[in-house]
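Structural features, examined
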Amino acid sequence: MAPAVHQVLATLGYGDAIGNEVLGIQRVLRGAGYESEIFVQTADPRLEHLTQDYRDLNDASHPDNILIHHFSIGSRASRMAYALPDRMVLVYHNITPPEYFVDINKELVRLCFRGRRELALYKTRCDLALGDSEYNRQELDALGFSPTGVLDVVPGFDHLGGPGDFTFAGAYDDDWVNLLFVGRVIPNKRIEDVIRFFHAYKTYFNPRSRLLLVGAHSGFERYLSLLHNFIARIGAKDVHLVGHVTNEELVAYYELADVFVCASEHEGFCVPLIESFHMGVPVIAYAATAVPSTMDGAGILFTDKDPMHVAGLINAIVDDQGLADRIVEGQYGALDRLAAKDFAGTLLRHVENVLAAPRREHPAVAFDFWDQVDRAEQYDEIKAYRPSAFLALPPEPR
């Protein structure tokens, strides 16, 4: 019997970059004749029928199988994967530094902190570690993973292929300039900076303009409230926090956009940039983390977050249709280069290379291994935040 190639991850989200990649990987693997299931801890209700509970992975496990482990945060599913005998290909989607969520989402601070700590433990566990961007691969290299490679995110655009739903977006279909950002309303996206840029543009260049912020904010209501307070404090007008939308509504917002503006400070890839390329929207983005490699020489990158500087860039594009057309043409070229990377062929070569390579010795897993990890992390937190209490702890037995 041919080995199976299953996937495991903490959660399968609807319409997000990781979720779309996981489903794409499964299509490629099944098309190549591999048995392939998706094991998760949680899933969006719209996708649950495509998944199995991670606790059932033990029954599907076999030393000859490959387990593609999508690592984006520490989870019980990850710990199950670690302890199983299957060969492992780790796909790293990056973990947002926890400091972005301090005073915003206490639980996410903890999960991101533990996830980054937990990642290092997989250096001796996985047969191959892949970043879904060159930026993420370099982070794996820096942590000591070997061998490493890249499985580029090559987003599908089927979800943007239908007609747009203008039921709500139609209110913005006029002769005003529409600036757009698409992405979850979370602190690392620096949405307050996008608002600053827009406010400068509207105040000093074009009063007939608006900002459309499209993306879910569930779990980040405190950040959303801070944004509303910020908008009121600086007196920004015509800022619309649209919230989560359907694919058809997303098409409508892209079709109405004149410029896509991104100020994010931490991205593992940033799929909305590529969606904007596909939809013919000129992109201006802050050159941080994976954003430059994702844009691949296309669009406009900036390194100076001075609002007047960015507002001037926006104005240059809006006022010069020829410039906007040249930017869009360059973005289409980047899309062609991305499509040529052959996602399916690259994935299958990685799988075949792991199957052909000598098996790595599985690190020993003590019965209380993860209890020990939890205890070590608790000690580290006490040491960092309550050093006197840490010093008062009894010495560990030798």
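Described below are features of the structure shown in this document. (Residues numbered from 1 in each chain as written. Predicted model: local features only at pLDDT ≥ 70, side-chain atom pairs only at ≥ 80, totals over all residues. Heavy atoms only, no water.)

Summing up its helical and strand segments, the protein has 15 helices and 13 strands in all. In terms of overall size, the protein behaves like a compact globule, its C-alpha atoms giving a radius of gyration of 23 Å where 398 residues would be expected to give roughly 21 Å. Considered along the principal axes of its C-alpha atoms, the protein spans approximately 70 × 60 × 35 Å. When burial is assessed residue by residue, the protein has 49% of its 398 residues classed as buried. In the protein, the proportion of contacts linking residues at least 24 apart, taken out of those at least 6 apart, comes to 69%. Working note: accessible area of the protein is about 18,600 Å², and carbon and sulfur atoms make up 52% of it. Charge centroids of the protein, computed over 36 positive and 55 negative side chains, lie 7 Å from each other. (Helix = DSSP H or I, 4+ residues; strand = E, 2+ residues; numbered from the N terminus. Rg over C-alpha atoms; globule rule 2.2 N^0.38 Å. Buried < 20%, exposed > 50% of the residue type's maximum accessible area, 1.4 Å probe, protein only. Contact = heavy atoms within 4.5 Å. Areas by Shrake-Rupley, 256 points an atom, 1.4 Å probe, with all protein chains shown as cover. Lys, Arg positive; Asp, Glu negative; His and termini not counted. Charge placed at Lys NZ, Arg CZ, Asp CG, Glu CD.)

Here 6 strands make up an open sheet; going across it, the order is S10-S9-S8-S11-S12-S13 and the pairing parallel. Two strands in the sheet have a free side with no partner beyond their single neighbour: strand S10 (239-243) and strand S13 (300-302). Strand-to-strand twist of the sheet, defined as the mean angle between neighbouring strand axes without regard to direction, takes the value 25°. Summarising the sheet, strand S8 (residues 177-182) and strand S11 (residues 259-262) pair through 2 bridges and their orientation is parallel. (Pairing = 2+ DSSP bridges. Axes fitted to C-alpha atoms, helices over the stretch in contact; angles between N-to-C directions.)

Right, let's talk about a nonpolar patch on the surface for a bit. A surface patch of nonpolar side chains, about 310 Å² in accessible area, is lined by Tyr204, Phe205 and Met308. With respect to the secondary-structure elements, Tyr204 resides in helix H6 (residues 191-204). (Patch = residues over 30% accessible without salt bridge, like charges linked within 9 Å, V, L, I, M, F, W, Y side chains within 5 Å. Salt bridge = Lys/Arg side-chain N within 4 Å of Asp/Glu carboxyl O.)

This part covers the sheet that holds strand S3 (residues 52-53). If you trace the 7 strands from one edge of the open sheet to the other, you get S3-S2-S1-S4-S5-S6-S7, paired in parallel fashion. Whereas interior strands pair on both sides, the edge strands pair on one side only; in this sheet they are S3 and strand S7 (148-150). One ladder, built from 2 bridges, connects strand S2 (residues 38-43) with S3; its direction is parallel. Across the sheet, Val40 pairs through a bridge with Asp53, a residue of S3.

Our next topic: the packing of helix H1 (residues 17-31) against helix H13 (residues 343-356). Relative to each other, H1 and H13 sit at 70°, their axes nearing to 10 Å. On the basis of the axis angle, H1 is roughly perpendicular to H13. The segment H1 lies against H13, with Glu21, Gly24, Ile25, Val28 and Leu29 engaging Phe343, Ala344, Leu347, Leu348 and Val351. (Parallel < 35°, antiparallel > 145°, perpendicular 65-115°, else oblique.)

Our next topic: the environment of Asp127. Here Asp127 is to be found in the loop between helix H4 (106-119) and strand S6 (128-131). The class of Asp127 is buried, set by a relative accessible area of 13%. A C-alpha to C-alpha distance of 9.7 Å links Asp127 and His362, two positions 235 residues apart in sequence. Setting aside residues up to four positions removed in sequence, Asp127 forms contacts with Arg87, Met88, Pro147, Val354 and Arg360.

Looking now at empty space enclosed by the protein. Within this structure, the stated rule accounts for 1 cavity of 30 Å³ or more. Empty space within the largest cavity amounts to approximately 30 Å³. Lining the largest cavity, in full, are Ile68, Val89, Val91, Leu130, Leu151, Leu347, His350 and Val351. Elements represented by at least two residues in the lining of the largest cavity include exactly strand S5 (87-92) and H13. Here the lining of the largest cavity gets 3 residues from one element, more than from any other, and that element is H13. (1 Å grid on protein atoms, 1.4 Å probe; cavity = no way out; pocket = protein on both sides within 12 Å on 5 of 7 lines; lining within 4 Å. Points joined across faces, edges and corners; volume = space filled by probe spheres on them.)

Put simply, side chains in a regular strand alternate between the two faces of the sheet. Side-chain alternation along strand S12 (residues 283-286) places Val283 and Ala285 on one buried face and Ile284 and Tyr286 on a second face that is also buried. As paired strands, S11 and S12 are joined by 3 bridges and run parallel to one another. Note on S12: the bridge partner recorded for Phe260 is Val283. Summarising the sheet, S12 and S13 pair through 3 bridges and their orientation is parallel. Bridge assignment links Ile284 to a residue of S13, and that residue is Ile300.

Below, the discussion takes up the pairing of strand S4 (residues 66-71). For S4, the buried fraction is high: 6 of the 6 residues fall into the buried class. The two faces of S4 match: Ile66, Ile68 and His70 on one face and Leu67, His69 and Phe71 on the other face are all buried. As paired elements, strand S1 (residues 5-12) and S4 share 4 bridges and run parallel to each other. Bridged to His6 within S4 is Leu67. Where S4 meets S5, 6 bridges bridge the pair, whose relative direction is parallel. If you follow Leu67 over to S5, its bridge partner there is Met88. Read from S4 through helix H3 (residues 76-83) to S5, the crossover connection turns out right-handed. (Right-handed = clockwise from strand over helix to strand, strands pointing away.)

This part covers the packing of aromatic side chains. In the structure shown here, the tally under the stated rule is 8 aromatic pairs. Summarising the aromatic geometry, the rings of Tyr172 and Tyr253 are spaced 6.5 Å apart at their centres and angled 40° between planes, so their arrangement reads as tilted. Residue Tyr172 is located in the loop between S7 and S8, and its partner Tyr253 is located in helix H8 (residues 247-256); the two are separated by 81 residues in the primary sequence. For the pair shown, Tyr172 and Tyr253 are each scored as buried. Judged by centre distance (6.2 Å) and plane angle (20°), the rings of Tyr201 and Phe205 are stacked. A residue is classified by how much of its surface remains accessible, and Tyr201, at 0% relative accessible area, is buried. Among the aromatic residues, ring-to-ring pairing joins Phe71, Tyr82 and Tyr122 into one connected group. Sitting above the plane of the Tyr286 ring, Lys305 keeps its charged end 4.4 Å from the centroid. (Phe/Tyr/Trp six-rings, centres within 6.5 Å; stacked < 30°, edge-to-face > 60°. Lys NZ or Arg CZ within 6 Å of the ring centre and 35° of its normal.)

Without other data, these values stay purely geometric and don't point to any function.
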